[in-house]
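One letter stands for each residue in the lines below.
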Amino acid sequence: DNHQRMIELRAEKVERIALDIPAQEFSGPDTGDLLVLSWGGTYGACVTAAEHCREAGLSVAHAHLRHLNPFPANLGELLGNYRHVLIPELNAGQLGMMIRAKYLLAPHALNKMKGKPFAVSEIVDKINEILK
């Protein structure tokens, strides 16, 4: 019983850290058709792709995560403001699995595991595919 109580207490402490993490920032419309959610080395291609899409008249926002455990306290609300969420990852989609599990949301995945970064056009193409 004590072991279970201690595990639950540790989990609660980790979740409370979210109160000290800055609110998740984003660029683009407050609500809309699509949010590109990035983390790590995908930042440059993702922010540029979102900007190109907005210039083309699409309702696309971008948020770059810096905290993954726990997530920022406002992330769930932010994700809910968009019809679609796209997570480009240079791996098998671990962040997508975490978002799906935590927020019961099915994000669109763009996974690449070829040892090369995303080209902006790859992300723009995926955004256009989703929004058609």
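Residues numbered from 1 in each chain as written. Predicted model: local features only at pLDDT ≥ 70, side-chain atom pairs only at ≥ 80, totals over all residues. Heavy atoms only, no water.

A.B. asks: Explanation requested: the layout of surface pockets in the structure shown.
C.D. replies: The method is simple in principle: a probe with the dimensions of a water molecule rolls over the atoms, and the space it marks as empty is what remains. Its boundaries defined by the atoms lining it, the largest pocket holds a volume of some 270 Å³. As for the largest pocket, its lining consists of 15 residues, and the residues nearest its centre are Ala 23, Gln 24, Glu 25, His 64 and Arg 66. Elements supplying a minimum of two residues to the lining of the largest pocket: helix H2 (43-55) and strand E2 (60-65). Of all the elements, E2 adds the most residues to the lining of the largest pocket, at four residues. Of the residues that constitute the lining of the largest pocket, the class distribution is eight nonpolar, five polar and two charged. (1 Å grid on protein atoms, 1.4 Å probe; cavity = no way out; pocket = protein on both sides within 12 Å on 5 of 7 lines; lining within 4 Å. Points joined across faces, edges and corners; volume = space filled by probe spheres on them. Helix = DSSP H or I, 4+ residues; strand = E, 2+ residues; numbered from the N terminus. Nonpolar A, V, L, I, M, F, W, Y, C, P; charged D, E, K, R; others polar.)

A.B. asks: Just checking my understanding: could you explain the nonpolar core for this structure?
C.D. replies: Nonpolar side chains in soluble globular proteins tend to be buried together. Counting 15 residues, the largest nonpolar core has Leu 34, Val 36, Val 60, Leu 86, Ile 123 and Ile 127 as the members making the most contacts within it. Contributing elements (two or more residues each) for this core: strand E1 (32-39), H2 and helix H5 (120-131). Ranked by the residues each element gives to this core, the list is headed by H2, at five residues. Aside from chain neighbours lying at most four places away, what touches Leu 86 is Leu 34, Leu 35, Val 36, Leu 37, His 108, Ala 109, Leu 110, Ile 123, Lys 126, Ile 127 and Ile 130. (Core = buried A, V, L, I, M, F, W, Y, C linked by side-chain atoms within 4.5 Å. Buried < 20%, exposed > 50% of the residue type's maximum accessible area, 1.4 Å probe, protein only. Contact = heavy atoms within 4.5 Å.)

A.B. asks: Help me understand helix H4 (residues 94-103) in this model?
C.D. replies: In an α-helix there are 3.6 residues to a turn, and that puts residues three or four apart on one side. Every buried residue of H4 is listed here: Leu 95, Gly 96 and Ile 99. Take H4 and look down its axis: the buried residues cluster within an arc of 100°, on one side only. Along its buried surface, H4 packs onto E1, E2, helix H3 (75-79) and strand E3 (82-89). Positive phi shows up at Leu 104, right after H4, with a value of about 50°. (Arc of directions from axis to C-beta.)

A.B. asks: I keep staring at the state of the cysteines and nothing clicks. Help me out?
C.D. replies: What we call a disulfide is simply a covalent bond connecting the sulfur atoms of a pair of cysteines. According to the stated counting rule, one finds zero disulfides in the structure shown. Among the cysteines around Cys 46, which has no disulfide bond, Cys 53 carries the closest sulfur, lying 11 Å off. Overall, Cys 46 belongs to the buried group, its relative accessible area being 0%. (Disulfide = S-S within 2.5 Å.)

A.B. asks: Before we go on, may I ask you to explain the pattern of salt bridges in this structure?
C.D. replies: Once their charged atoms are close, side chains differing in charge can pair, the charge on each being opposite to the other. Applying the stated criterion across every chain yields a total of five salt bridges. Across the pair Glu 15 and Lys 102 runs a salt bridge, and its minimum N-O distance is 3.3 Å. Linking Glu 15 in helix H1 (residues 2-16) with Lys 102 in helix H4, this pair joins segments that are 87 residues apart in sequence. We classify Glu 15 as partly exposed; its relative accessible area is 39%. With a relative accessible area of 43%, Lys 102 lands in the partly exposed category. (Salt bridge = Lys/Arg side-chain N within 4 Å of Asp/Glu carboxyl O.)

A.B. asks: How do you make sense of the sheet that holds E3 when you look at a structure like this?
C.D. replies: Two pairing modes exist for strands in a sheet, parallel and antiparallel, and in both the strands are linked by backbone hydrogen bonds. Taken together, the four strands give an open sheet; going across it, the order is E2-E1-E3-E4, and neighbouring strands pair in parallel fashion. With partners counted over all chains shown, the strands left at the sheet margins are E2 and strand E4 (108-111), one partner each. Strand-to-strand twist in this sheet, taken as the mean axis angle between neighbours without regard to direction, amounts to 20°. Here H2 sits on the sheet and contacts E1, E2 and E3; the angle it forms with E2, its principal contact strand, is near 165°. The strands that H4 touches are E1, E2 and E3; relative to E3, the one it contacts most, it runs at about 145°. (Pairing = 2+ DSSP bridges. Axes fitted to C-alpha atoms, helices over the stretch in contact; angles between N-to-C directions.)

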